Amino acid sequence: MVEASLLSLLLFLSSLLCCTTNQAFLTLSPSSSQFFQWTSFSLNCEEDDSSAGGTVRRNTTKETRAECGDEWGTSAGSSCKMGLIFPWDSGVYWCESREGATSNSINITITDGSVILQSPVLPVMEGDDVTLHCKTKTSNLPADFYKDGSLIRTEPTGHMMIHHVSKSDEGLYMCHISGHGKSPPSWITVTGKPTTTAPPLVSLAPPLTSATTPPDYIATPPASAPPQFVFRLVCHLVVFCPYFISTLLMVSLYRHRPKGNDRPISMVMNPLTQAEQGLDDYDVITSVTTKHHF
């Protein structure tokens with residue numbers, strides 16, 4: 001009884017741990033934070049167990065938590081294809097796993113202007129190199145690059161490289177091409193490198209100020225998924241859980257095994273002596289003789 005209760009409890013805890021490992025992750029192709037209208041892109045919702053089944057959603061200025069295939073986009077399994085995009089498709093995109101876990105969010109801006117700034121759509125790691133590309137629909141031209149409203153420098157090819165980025169490089173970027181106009185703003189998030197003691201916290205929603213506030217839809221991303229180190233910890237627990245269960249069962253069975261002195265009573269009873277057996281036979285004979293006498 002004790003072993004059965006213990007096994008049921010451990011199996012229940014194991015099932016809970018297994019259910020929490022399936023987390024969703026959203027990717028964008030082509031990878032760019034800004035697009036010209038009349039172009040296209042696709043989003044893919046992946047789960048950490050390499051299975052499909054996530055649902056792509058978005059927040060825009062006109063809708064909240066709208067699901068792909070419901071009046072926008074074309075749903076194909078865990079993917080969502082967007083064709084002939086327009087400025088009102090700008091917004092925050094994310095996906096949800098089958099268990100309801102929320103993925104990372106991606107801010108996408110679609111413009112009807114003639115200049116866009118191609119920048120990373122996901123947070124970048126400290127120490128990495130980042131390339132910003134200011135482009136028009138036709139050619140690469142010299143461009144001015146701005147951060148938080150201040151001019152950084154002018155690049156003759158329209159490409160700006162930021163070497164070994166740090167937290168100080170985090171901010172709102174835009175570019176300007178003479179004779180064509182300015183690009184929409186894009187926020188670049190920089191995260192710290194993971195350490196053995198304290199993993200970094202990925203901020204998908206930047207701390208916005210009045211001087212650097214992008215459109216309203218960027219300021220309201222959905223709740224982010226738990227940090228990656230939590231997923232790894234749970235995975236380790238799930239992997240070692242069967243070994244833990246089997247060890248506990250073996251210990252429990254060992255402690256409750258029958259001992260050598262606990263033999264059944266029938267095995268330890270002494271047999272009747274010959275004298276006692278003879279007395280019993282005598283009593284039976286006497287009883288029968290008495291009955292016949294009467």
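Treat the numbers as computed from the prediction; the structure is a model and nothing was measured.

Draft legend 1. Seen up close, the state of the cysteines. What the rule picks out here adds up to three disulfides. Each disulfide pairs two cysteine sulfurs, and for cysteine 68 the partner residue is cysteine 80, the sulfurs being separated by 2.0 Å. Note on the cysteine 68 and cysteine 80 pair: the S-S dihedral is about 90°, so by sign convention the disulfide is right-handed. Taken together, the residues span a long stretch of sequence, with cysteine 68 in the loop between strand S5 (66-67) and strand S6 (74-76) and cysteine 80 in strand S7 (residues 79-82) at a distance of twelve residues. With a relative accessible area of 0%, cysteine 80 lands in the buried category. Across the disulfide from cysteine 134 sits cysteine 175; the S-S distance is 2.1 Å. One disulfide, between cysteine 134 and cysteine 175, carries an S-S torsion of 80° and so falls in the right-handed class. A residue pair is termed long-range when its members are at least 10 positions apart, and cysteine 134 in strand S12 (residues 130-135) and cysteine 175 in strand S16 (residues 171-177) qualify at 41 residues. Per residue, the accessibility class of cysteine 134 equals that of cysteine 175, and both read buried. With cysteine numbering restricted to those in disulfides and following the sequence, the protein has the pairing 1-4, 2-3, 5-6.

Draft legend 2. Broad picture of the side chain of threonine 136. Assignment of secondary structure puts threonine 136 in the loop between S12 and strand S13 (143-147). Beyond its immediate sequence surroundings of up to four residues, threonine 136 is in contact with Phe36, Ser114, Val115, Leu141, Ile177 and His180.

Draft legend 3. Seen up close, unusual backbone geometry. Following serine 29, the chain continues into proline 30 via a peptide bond in cis, with omega recorded as -5°. With respect to the helices and strands, proline 30 occurs in the loop between strand S1 (24-29) and strand S2 (34-36). Phi at aspartate 148 is positive, roughly 50°, even though this residue is not glycine. Structurally, the position occupied by aspartate 148 is in the loop between S13 and strand S14 (150-155). Exposure remark for aspartate 148: the relative accessible area of 31% places this residue in the partly exposed category.

Draft legend 4. Up close: empty space enclosed by the protein. For the coordinates displayed, the defined rule picks out two cavities of 30 Å³ or more. Of the volumes computed, that of the second largest cavity is approximately 30 Å³. Lining of the second largest cavity is provided by Val124, Val130, Ile162, Val165, Asp169, Tyr173, Ile188 and Val190. Tallied by class, residues from the lining of the second largest cavity come to seven nonpolar, no polar and one charged.

Draft legend 5. Layout of the layout of surface pockets. Considering only enclosed or pocket space, the second largest pocket measures out at about 170 Å³ in volume. In terms of residue class, the lining of the second largest pocket is built from six nonpolar, three polar and six charged.

How each quantity is defined
- Residues numbered from 1 in each chain as written.
- Predicted model: local features only at pLDDT ≥ 70, side-chain atom pairs only at ≥ 80, totals over all residues.
- Heavy atoms only, no water.
- Disulfide = S-S within 2.5 Å.
- Helix = DSSP H or I, 4+ residues; strand = E, 2+ residues; numbered from the N terminus.
- Buried < 20%, exposed > 50% of the residue type's maximum accessible area, 1.4 Å probe, protein only.
- Contact = heavy atoms within 4.5 Å.
- 1 Å grid on protein atoms, 1.4 Å probe; cavity = no way out; pocket = protein on both sides within 12 Å on 5 of 7 lines; lining within 4 Å.
- Points joined across faces, edges and corners; volume = space filled by probe spheres on them.
- Nonpolar A, V, L, I, M, F, W, Y, C, P; charged D, E, K, R; others polar.

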